[in-house]
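Below, each chain spelled out in residue letters.
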Amino acid sequence: GERGGERGEIYAKGASSRQLIKAAILDNDFLGHLEPEQVSDVVDFMKPAVFPQGSTIISEGSHGSCVYVLEDGKVEVTKEGEKLCTLGKGKVFGELAVLYNCTRTATVTALTPVSLWAIERPCFQAVVMKASQQRQALY
Ligand code: PCG
């Protein structure tokens, strides 16, 4: 990808993937308040990842640090062994530990082969910080 500056690399992606990631972020209860420029930066910095069927993408209690958007496939969310929900294409997950600096609050397992977009915590936080610093400079 192109150089993205101190926050990392910008990953090229097609218009339909950009639209899917943007819609996923705006649909998410915890990320839907981000400003258009922040959303567009998050879209730029997301990088592709794949997981095989049956694999654990997130383990409850661990210190993982990525926010994910599902491009394709289905995942199951469990907590203390109890099924909470399944998520499909166009859903965000993994945002809670990154936003609240806590350990993973649930386990996420691939029910099918899964294609994801992922952004790491330092990059995500830099995007969010950058915009709030610009706002402070404005007022
Ligand atoms: P995170 O980072 O705690 O990792 C597990 C993820 O599962 C969590 O973020 C949410 O994105 C996702 N998830 C989806 N549904 C639920 C739910 O009902 N409860 C919890 N705790 N997490 C959920």
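First things first, this report covers the structure right here in the doc.

Following the criterion strictly, the structure yields three aromatic pairs and no others. Ring plane angle 85° and centroid distance 6.1 Å describe the contact between Phe 30 and Tyr 100, whose orientation is recorded as edge-to-face. Of the two residues, Phe 30 is situated in the loop between α1 (15–27) and α2 (36–45) and Tyr 100 in helix α3 (residues 95–100); the sequence distance between them amounts to 70 residues. Phe 30 gets classed as partly exposed once you look at its relative accessible area, which sits at 32%. The class of Tyr 100 is exposed, set by a relative accessible area of 51%. Relative to Tyr 68, the ring of Phe 51 has its centre 6.4 Å away and its plane inclined at 85°; by these criteria the two rings are edge-to-face. In this pair, Phe 51 sits in strand β3 (residues 47–51) while Tyr 68 sits in strand β5 (residues 66–72), placing the two residues 17 residues apart along the sequence. A connected cluster of aromatic rings, assembled from ring pairs, spans Phe 51, Tyr 68 and Phe 93.

In the vicinity of the ligand lie 13 residues, with Gly 94, Glu 95, Ala 97, Arg 104 and Thr 105 positioned nearest. Burial of the ligand by the protein chains amounts to 80% of its free accessible area of 460 Å². Of all the secondary structure elements, the ones that give two or more residues to the shell around the ligand are β7 (82–87) and α3. Considering every element that reaches the shell around the ligand, the biggest residue donor is α3, with three residues. For the shell around the ligand, a count of residues per class yields nine nonpolar, two polar and two charged.

Before going further, it helps to spend a moment on the sheet that holds strand β10 (residues 114–120). Pairing is antiparallel across the open sheet formed by four strands, whose spatial order is β3-β10-β5-β8. Looking at which strands have only one partner, the edges of the open sheet turn out to be β3 and β8 (92–93). Sheet analysis places β5 next to β8, joined by two bridges and oriented antiparallel. Pairing of Tyr 68 across the sheet is with Phe 93, part of β8. Across the sheet, α1 touches β5, β8 and β10, and the angle it forms with β5 is around 125°.

In this model, the largest pocket occupies a volume close to 330 Å³. Around the largest pocket, the lining comprises 19 residues; the ones closest to its centre are Phe 93, Gly 94, Glu 95, Leu 96 and Thr 105. When its residues are assigned to classes, the lining of the largest pocket shows twelve nonpolar, three polar and four charged.

Procedures and definitions
Residues numbered from 1 in each chain as written. Predicted model: local features only at pLDDT ≥ 70, side-chain atom pairs only at ≥ 80, totals over all residues. Heavy atoms only, no water. Phe/Tyr/Trp six-rings, centres within 6.5 Å; stacked < 30°, edge-to-face > 60°. Helix = DSSP H or I, 4+ residues; strand = E, 2+ residues; numbered from the N terminus. Buried < 20%, exposed > 50% of the residue type's maximum accessible area, 1.4 Å probe, protein only. Near = heavy atom within 4 Å. Areas by Shrake-Rupley, 256 points an atom, 1.4 Å probe, with all protein chains shown as cover. Nonpolar A, V, L, I, M, F, W, Y, C, P; charged D, E, K, R; others polar. Pairing = 2+ DSSP bridges. Contact = heavy atoms within 4.5 Å. Axes fitted to C-alpha atoms, helices over the stretch in contact; angles between N-to-C directions. 1 Å grid on protein atoms, 1.4 Å probe; cavity = no way out; pocket = protein on both sides within 12 Å on 5 of 7 lines; lining within 4 Å. Points joined across faces, edges and corners; volume = space filled by probe spheres on them.

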